[in-house]
Amino acid sequence: MELYDSDFFQWTQQQADSLKKGRWAELDIENLIEELEALGRSEQRELGSYLQVLILHLLKYQYQPERRTKSWETTIINCRDHIQDCLEDTPSLRRFLEDPSWIEKYYRRGCREAVKETHLPSATFPPECPYSIAEILDPNFLP
């Protein structure tokens, strides 16, 4: 337990070694559970973060056509690629993309950033996500 607080990396190595060697009594079960749960949440947050940035750039692309740049298109492509990587590495994350409330959560955040970055009134943007998840992830879709 003390190692967990004082040298996290060493703790992870020790726990991995104990698992490999089947030394179950040496495992720090409580902290292992906590770290595994945190790891799952981290994967979910990573997916949400890419979705939020992607939605932000789709909104900017749609509502500020006069300011479009190659950088925006590159960000859209990169976010889609990162989302695809997340789904390939952790297929169970797809369920979040199928949850309308989860999409709306990141749409609201993307809208908030779009208002800040574009200086357009918040009423410019639809109250609900105007893009389907299929469109959001479609490498050929641009609004």
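See the structure above.
First things first, this report covers the structure right here in the doc. (Residues numbered from 1 in each chain as written. Predicted model: local features only at pLDDT ≥ 70, side-chain atom pairs only at ≥ 80, totals over all residues. Heavy atoms only, no water.)

Bringing the environment of Leu27 into the picture now. Examined against the element boundaries, Leu27 turns out to sit in the loop between helix H2 (8-20) and helix H3 (29-63). Take Leu27: its relative accessible area is 13%, and that puts it in the buried class. The spacing of Leu27 and Ala16 is eleven residues in sequence and 9.0 Å in space, taken between C-alpha atoms. Not counting chain neighbours up to four residues away, the residues in contact with Leu27 comprise Gln15, Ser18, Leu19 and Leu32. (Helix = DSSP H or I, 4+ residues; strand = E, 2+ residues; numbered from the N terminus. Buried < 20%, exposed > 50% of the residue type's maximum accessible area, 1.4 Å probe, protein only. Contact = heavy atoms within 4.5 Å.)

Once that is clear, we can look at the packing of aromatic side chains. The relative placement of two aromatic rings is captured by the distance of their centres and the angle of their planes. Tallying each qualifying case throughout the model produces seven aromatic pairs. Residues Tyr63 and Phe125 carry aromatic rings whose centres are separated by 5.1 Å and whose planes lie at 75° to one another, so their mutual orientation is edge-to-face. Within this pair, whereas Tyr63 is found in helix H3, its partner Phe125 is found in the loop between helix H6 (100-118) and helix H7 (133-137), the two being separated by 62 residues in sequence. A relative accessible area of 5% places Phe125 in the buried class. Plain terms: the ring middles of Tyr131 and Phe141 are 5.8 Å apart, the flat faces sit at 65° to each other, and that makes the pair edge-to-face. Of this pair, Tyr131 sits in the loop between H6 and H7 while Phe141 sits in the segment after H7; the two residues are ten residues apart in sequence, bridging distant segments of the chain. Residue Phe141 is classed as buried on the basis of its relative accessible area of 16%. Joined through ring pairs, the aromatic side chains of Tyr4, Phe8 and Trp11 make up one cluster. A cation over an aromatic ring shows up here: Arg68 above the ring of Tyr61, its NZ or CZ 3.8 Å from the ring centre. (Phe/Tyr/Trp six-rings, centres within 6.5 Å; stacked < 30°, edge-to-face > 60°. Lys NZ or Arg CZ within 6 Å of the ring centre and 35° of its normal.)

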